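Below are the chains, spelled out letter by letter.
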Amino acid sequence: MAGLPVFLKLEDKKVAVIGGGSVASRKVSSLVEAGAEIVVISPEINARLEGMVEAGLLEWRQKSYEYGDLKGFWLVIAATSDSSVNHQVYQEAKEMMQLYNIADRPDLSTFYTAARVKKGDLQIAISTGGKAPALSAEIRRELADKFGDCFGEYLEFAGEVREWLLENEDLEERRRILRAIASREIFDNLLAGDLDRVFREMEKAIPERFFNERAL
Ligand SMILES: C[C@@]1(CC(=O)O)C2=NC(=C\c3[nH]c(c(CCC(=O)O)c3CC(=O)O)Cc3[nH]c(c(CC(=O)O)c3CCC(=O)O)/C=C3\N/C(=C\2)[C@@H](CCC(=O)O)[C@]3(C)CC(=O)O)/[C@H]1CCC(=O)O
Ligand SMILES: NC(=O)c1ccc[n+]([C@@H]2O[C@H](COP(=O)([O-])OP(=O)(O)OC[C@H]3O[C@@H](n4cnc5c(N)ncnc54)[C@H](O)[C@@H]3O)[C@@H](O)[C@H]2O)c1
């Protein structure tokens with residue numbers, strides 16, 4: 001069965017990650033960007049996680065997992081190298097919460113993590129339904145090259161325009177402008193990395209009033 005792709009809002013949600021190796025640190029990096037309140041429970045952590053602890057991005061509880069550790073958490077990722085420990089985490093998680101990812105047991109997990117391309121607010125999530133995670137990673141690399149940083153800059157501005165339109169234009173006009181500032185031509189220029197042309201094209205479609213009010 002294909003999963004439903006969603007983007008979880010994790011700002012200030014308590015998330016536990018059990019284990020501190022390469023899989024844990026990869027998943028923690030995404031959790032940090034999502035603004036989660038992260039606690040890593042593991043007797044040891046790798047250098048990447050150590051760096052994140054030093055930067056104040058997460059809390060490290062230096063211990064082995066024990067039943068009861070998941071109290072108060074909203075979501076958990078079990079990524080220890082010991083499959084029996086991962087299974088114990090699963091048993092507690094299914095009593096405690098809805099969202100758990102057991103890194104070596106996709107069959108028991110309630111969600112998988114997607115490979116992800118992120119350029120500012122643009123996120124592209126990739127999954128193979130657990131069939132070939134390494135292919136997901138390969139597709140991510142391909143798309144990360146295609147979709148440059150200018151998508152992030154474009155979205156900053158497009159978001160501002162959209163907010164203004166929602167307050168100032170009726171539905172019909174809004175739709176027309178929103179489509180015009182995301183035209184095929186603009187998309188092609190974004191792919192080409194030509195942000196100057198993108199903004200010039202956008203300006204043609206945006207009412208002058210927007211720029212006047214913005215300048216105030
Ligand atoms: C996409 C990505 C996101 C992330 O983890 O952040 C991710 N795995 C990544 C990489 C990767 N994983 C593995 C390899 C080695 C090659 C290989 O074995 O194929 C590589 C390649 C590499 O490291 O480059 C091994 C592996 N993975 C899983 C198992 C257990 C099993 O299948 O039983 C095993 C065997 C472990 C063992 O040997 O014991 C399970 C899962 N891995 C998933 C996600 C979920 C399905 C996503 C999908 O449908 O595509 C799922 C089901 C659950 C989950 O973890 O959420 C991330 C790409 C990061 C990036 O973008 O670079
Ligand atoms: N889902 C995926 O993408 C994916 C990819 C590769 C591997 N895996 C699976 O993920 C697991 C972890 O892989 P890894 O490469 O990160 O391993 P790793 O050896 O790098 O790290 C394992 C971590 O688990 C910690 N740990 C061990 N026992 C513990 C306990 N009782 N309580 C808390 N922490 C404990 C260790 O201190 C270490 O930090 C393995 O089961 C592996 O099969 C999943």
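Residues numbered from 1 in each chain as written. Chains lettered and ligands numbered in written order. Predicted model: local features only at pLDDT ≥ 70, side-chain atom pairs only at ≥ 80, totals over all residues. Heavy atoms only, no water.

By the naming in an unreviewed UniProt entry, the chain is precorrin-2 dehydrogenase, taken from Halonatronomonas betaini. Of the comments in the UniProt record for the chain, the one headed Pathway (unreviewed entry) reads "Porphyrin-containing compound metabolism; siroheme biosynthesis; sirohydrochlorin from precorrin-2: step 1/1." Its UniProt record gives the chain the following Catalytic activity (unreviewed entry) comment, quoted word for word: "precorrin-2 + NAD(+) = sirohydrochlorin + NADH + 2 H(+)". (UniProt positions renumbered as here; feature names shortened; annotations may be inferred.)

(A) Molecular detail of the nonpolar core. Ranked by internal contacts, the top residues of the largest apolar core, which has 25 residues, are Y154, V161, I181, L190, V198, M202 and I206. Taken together, the elements giving at least two residues each to this core come down to β6 (115-119), β7 (122-126), α5 (150-168), α7 (184-191) and α8 (195-205). Excluding anything up to four places from it in sequence, I181 contacts Y154, V161, I186, M202, A205 and I206. Judged by nonpolar contacts, the second largest core, of 18 residues, contains V17, V28, I45 and A79. (Core = buried A, V, L, I, M, F, W, Y, C linked by side-chain atoms within 4.5 Å. Buried < 20%, exposed > 50% of the residue type's maximum accessible area, 1.4 Å probe, protein only. Helix = DSSP H or I, 4+ residues; strand = E, 2+ residues; numbered from the N terminus. Contact = heavy atoms within 4.5 Å.)

(B) A look at the confidence of the model for the chain. Scored by pLDDT, the chain comes out at a mean of 97, with 100% of its residues at no less than 70. Scored by ipTM, the complex comes to 0.94, with pTM at 0.93. (pLDDT = per-residue confidence, 0-100.)

(C) Highlighting the domain arrangement of the chain. Partitioning the chain into domains gives domain 1 (14-113), domain 2 (115-146) and domain 3 (150-215). Relative to domain 3, the C-alpha centre of domain 1 lies at a distance of 40 Å. (Domains from an automatic or database assignment.)

(D) The pairing of strand β1 (residues 14-18), seen in detail. The buried fraction of β1 is high, at four of five residues. Between β1 and its parallel partner strand β2 (residues 37-41), the chain crosses via helix α1 (residues 22-33), and the hand of that crossover is right-handed. Note that β1 and strand β4 (residues 75-78) share four bridges and pair parallel. Along β4, the bridge assignment pairs I18 with A78. (Right-handed = clockwise from strand over helix to strand, strands pointing away. Pairing = 2+ DSSP bridges.)

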